[in-house]
Amino acid sequence: MSQQPILISILGDQLSLSLASLRDSDRSKAVVLLAEVWDEATYVRHHQAKIALVFSAMRHFAEDLRADGWTVDYVKLDDPANTGSLRGEVERGLTRHNARGVRVTEPGEWRLQQDFDQWSSVLGCLVEILPDTRFLCSKIQFYTWAAARRELRMEYFYRDMRRQTGLLMDGDKPAGGKWNFDAENRSGPPANLIVPAQPQFPPDAITSEVLVLVSARFGDHFGSLDGFAMPVTRANAEAAFADFLENRLPTFGQYQDAMIAGEDFMFHANISAAMNLGLLDPLAVAQAAEAEYRAGRAPLNAAEGFIRQVIGWREYVRGMYWLDMPGMAQANALNAQRPLPEFYWTGDTDMACLADCVRTTLDNAYAHHIQRLMVLGNFALLAGIAPKQVAEWFLVVYADAYEWVELPNVAGMALHADGGRLASKPYAASGAYINRMSNYCRGCRYDVKQKVGPDACPFNALYWDFLARNEAKLARNMRLANPYATWRRMSDEQRAGYRDSAARFLETIKPAPAGWA
Ligand code: DLZ
Ligand code: SF4
């Protein structure tokens, strides 16, 4: 290279050839740096499969970049000179390539944004930070949307995104005459439901090498690498998504909220890990889902439900994250202080629903939406587990979890720690909900129909205990008017029975030992 090159530093979840920092650069005057670093692999003790996925996808992406004509410098974790930090690797890269400056795309997490903001002064060179254009709504657009409103509900944001993208629009009207078909996404699972198998992507040579590395260096982290078969390239991810469109999208809408013991993926697309890494483009997947509906191969409630998650909820939580950080990480509106139970790490509990949700999390670094929200999240909400501990757990255990998406979902949606900024009411539910939406209760030692006592489903007493404990904060919420009216109609004895049963159950929960996460 005749003149000093620019160093383009790409993070492990920025694996898109259309990335802003690449799109604006000249291949002949740039070196792309990808670095596996100890700091990113351990700032929380990520699930082993999550680390394997990120490293393998990074190594495959380096190959894609080279094939696309880029000069790539790839630093492996076990390179003896590896400093262990992103900043350290960028500093070494600048010297190695005699580069004149650094170009990056903004990171997905606030802690890294703080770090990037110092790079220019610390490294003593020009550091250009470009917006992440893989999101459909820029931060500025979201801040402008938020500034004009008192209540920041996803539904109105989603409608704007539908209008902006033209997805599922007939002129200026929503397809089918309604914006949201959520009410048609709530069937429980019938006994004979057949769920198609997930596509598998067995390890190639690159992934096999990564699995050996992760097992040697992170073998004491949560989770298993057995049967690792996640998509690690764009081609894999596109094949996984095509399989979803063909085999599961038509049924996805109806059973979006259903759970069956041992059916770890149900009809879900299971593309969030690949999409959050950058292997799939959100707009393209939403357009493909619409095309299935327009071609008559998928019903509207399925296509709309899927598109709402991708262009509505996903973009909305990302906007809320940047709007509310760093406060979001500290929020604890319900003053929940209980430590995280040990069974979140081991799955060792008699509650069949929770045991199965932790098991799939250990096995797959995945649980589907309703398992996360209405079993794992709901229990943490009702039991009053400290939001920071719950958030850290979710960030550790799921392959798709980066703080921009995980924290608003946990602190805002699941735990109501933000006092209702994201969700108009807490997603609190008793055992009856889990029984309606799953077959878990049939295999449980607790009885979902019993209200109190040692054999009653713990969710039942915990539900009323939660409402009673938080009455001063929640009773004025119109959406909780019915449950609070029921609570007040109960006899003193009934109320005391629930509270006593909940207290006895909570006493039996063993907290996780310090240092798990
Ligand atoms: C999650 C992750 C892991 C495990 N390892 C790396 C790494 O070694 N190098 C890297 O650039 N990125 C890694 N990542 C992804 C980052 O943590 C992610 O970019 C930030 O959390 C921002 O979303
Ligand atoms: Fe879960 Fe209660 Fe059903 Fe057991 S009875 S599976 S604890 S909801």
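Summary of the structure given here. Note that this is a predicted model, so its numbers are computed, not measured.

**Looking at the side chain of Gln256**
Part 1 of the reasoning: Residue position: Gln256 is located in the loop between helix H10 (249-252) and helix H11 (272-277).
Part 2 of the reasoning: Classification of Gln256 as buried rests on a relative accessible area of 5%.

**With respect to the site of ligand 1**
Part 1 of the reasoning: Taken together, 19 residues sit near ligand 1, with Gly12, Asp13, Ala35, Val37 and Glu40 positioned nearest.
Part 2 of the reasoning: With respect to ligand 1, the backbone of Gly12 contributes an N or O atom lying 3.0 Å from an oxygen atom.
Part 3 of the reasoning: One of the side-chain nitrogen or oxygen atoms of Glu40 is found 2.6 Å away from an oxygen atom of ligand 1.
Part 4 of the reasoning: For ligand 1, the cavity whose grid points lie within 2 Å of the majority of its atoms is the largest cavity.
Part 5 of the reasoning: When residues in the shell around ligand 1 are grouped by element, the largest group, three residues, is from helix H3 (residues 48-67).
Part 6 of the reasoning: Of the residues contributing to the shell around ligand 1, the split by class is eleven nonpolar, three polar and five charged.

**Let's talk about helix H24 (residues 492-508)**
Part 1 of the reasoning: Between its first and last C-alpha, H24 extends 25 Å over 17 residues, near the 24 Å set by a 1.5 Å rise per residue.
Part 2 of the reasoning: Of all the residues in H24, the buried ones are Tyr498, Ser501, Ala502, Phe505 and Leu506. The arc that holds the buried residues of H24, viewed along the axis, is 130 degrees, so those residues lie on one side. Turned more than 90 degrees from where H24 packs its buried face, Asp492, Glu493, Arg504, Glu507 and Thr508 sit exposed.
Part 3 of the reasoning: Buried residues along H24 sit in contact with helix H17 (369-383), helix H21 (458-469) and helix H23 (481-489).

**Looking at the pairing of strand E3 (residues 71-75)**
Part 1 of the reasoning: Counting buried positions along E3 gives four out of five residues, so the element sits mostly inside the fold.
Part 2 of the reasoning: With five bridges connecting them, strand E2 (residues 30-35) and E3 associate as parallel partners. Residue Ala35 lies in a different strand from E3, and its bridge partner there is Val75.

**Notes on H23**
Part 1 of the reasoning: Listing the buried residues of H23 in full gives Pro483, Tyr484 and Trp487. Angularly, the buried residues of H23 cover 95 degrees about the axis, an arc narrow enough to put them on a single face. Exposed side chains of H23 directed beyond 90 degrees from the buried face belong to Asn482 and Arg489.

**So, the packing of aromatic side chains**
Part 1 of the reasoning: As enumerated under the stated definition, the model contains 32 aromatic pairs in all.
Part 2 of the reasoning: Seen from their ring centres, Trp393 and Tyr398 are 5.8 Å apart, and the 90 degrees between their planes marks the pair as edge-to-face. Across the pair, Tyr398 and Trp393 agree in class, each one buried.
Part 3 of the reasoning: The interplanar angle of 10 degrees and the centroid separation of 5.9 Å between the aromatic rings of Trp464 and Trp487 together place this pair among those described as stacked.

**Concerning the site of ligand 2**
Part 1 of the reasoning: In the neighbourhood of ligand 2, the contacting residues comprise Met351, Cys353, Ile434, Tyr440, Cys441, Cys444, Tyr446, Val448, Cys457 and Phe459.
Part 2 of the reasoning: Taking a 2 Å distance to the grid points as the criterion, the majority of the atoms of ligand 2 fall inside the second largest cavity.
Part 3 of the reasoning: A per-class count over the shell around ligand 2 returns ten nonpolar, no polar and no charged.

**Things to note about the sheet that holds E3**
Part 1 of the reasoning: Across the sheet, which stays open at both edges, the five strands sit in the order E3-E2-E1-E4-E5 with parallel pairing between neighbours. One side of each edge strand has no neighbouring strand; the edge strands of this open sheet are E3 and strand E5 (126-130). Averaged over all pairs of adjacent strands, the angle between their axes in this sheet comes to 25 degrees, without regard to strand direction.
Part 2 of the reasoning: Across four bridges, strand E1 (residues 6-9) lies against E2 in parallel orientation. Within E2, the position partnered with Ile6 by the bridge is Ala30.
Part 3 of the reasoning: Where helix H4 (residues 86-96) meets the sheet, it contacts E1, E2, E3 and strand E4 (101-105), and its direction lies at approximately 150 degrees from that of E2.

**Some words on the nonpolar core**
Part 1 of the reasoning: The biggest cluster of nonpolar side chains holds 167 residues, and the ones touching the most others in it are Leu34, Phe55, Phe306, Tyr316, Leu354 and Phe379.
Part 2 of the reasoning: Among the elements that take part in this core, helix H13 (residues 300-324) stands out by supplying twelve residues, more than any other.
Part 3 of the reasoning: Those residues within four positions of Phe379 in sequence are excluded, and the remaining contacts are Pro341, Phe343, Tyr344, Met351, Leu354, Phe459, Leu462, Phe505 and Ile509.
Part 4 of the reasoning: Within the second largest apolar cluster, 19 residues are counted, among which are Val102, Phe116, Leu123 and Cys125.

**A closer look at unusual backbone geometry**
Excluding glycine, a negative phi dihedral is what most residues carry, and trans is how most peptide bonds are arranged.
Part 1 of the reasoning: Cis geometry marks the peptide bond from Met325 to Pro326; its omega dihedral reads 5 degrees.
Part 2 of the reasoning: Relative to the elements of secondary structure, Pro326 occurs in the loop between H13 and helix H14 (327-330).
Part 3 of the reasoning: In this structure, Ala365 takes a positive phi of about 50 degrees despite not being glycine.
Part 4 of the reasoning: Inspection of the secondary structure assignment puts Ala365 in the loop between helix H16 (352-364) and H17.
Part 5 of the reasoning: Here Ala365 falls in the buried class, since its relative accessible area comes to 2%.
Part 6 of the reasoning: Of note in the backbone geometry, His416 takes a positive phi value of approximately 55 degrees without being a glycine.
Part 7 of the reasoning: As for its position among the elements, His416 is in the loop between helix H19 (403-414) and helix H20 (431-437).
Part 8 of the reasoning: Overall, the relative accessible area of 4% leaves His416 in the buried class.

The rules we used
Residues numbered from 1 in each chain as written. Chains lettered and ligands numbered in written order. Predicted model: local features only at pLDDT ≥ 70, side-chain atom pairs only at ≥ 80, totals over all residues. Heavy atoms only, no water. Helix = DSSP H or I, 4+ residues; strand = E, 2+ residues; numbered from the N terminus. Buried < 20%, exposed > 50% of the residue type's maximum accessible area, 1.4 Å probe, protein only. Near = heavy atom within 4 Å. Polar contact = N/O pair within 3.5 Å; in protein donor to acceptor, adjacent residues only side chain to side chain. 1 Å grid on protein atoms, 1.4 Å probe; cavity = no way out; pocket = protein on both sides within 12 Å on 5 of 7 lines; lining within 4 Å. Sits in = over half its atoms within 2 Å of the grid points. Nonpolar A, V, L, I, M, F, W, Y, C, P; charged D, E, K, R; others polar. Expected span 1.5 Å × (residues − 1). Arc of directions from axis to C-beta. Contact = heavy atoms within 4.5 Å. Pairing = 2+ DSSP bridges. Phe/Tyr/Trp six-rings, centres within 6.5 Å; stacked < 30°, edge-to-face > 60°. Axes fitted to C-alpha atoms, helices over the stretch in contact; angles between N-to-C directions. Core = buried A, V, L, I, M, F, W, Y, C linked by side-chain atoms within 4.5 Å.

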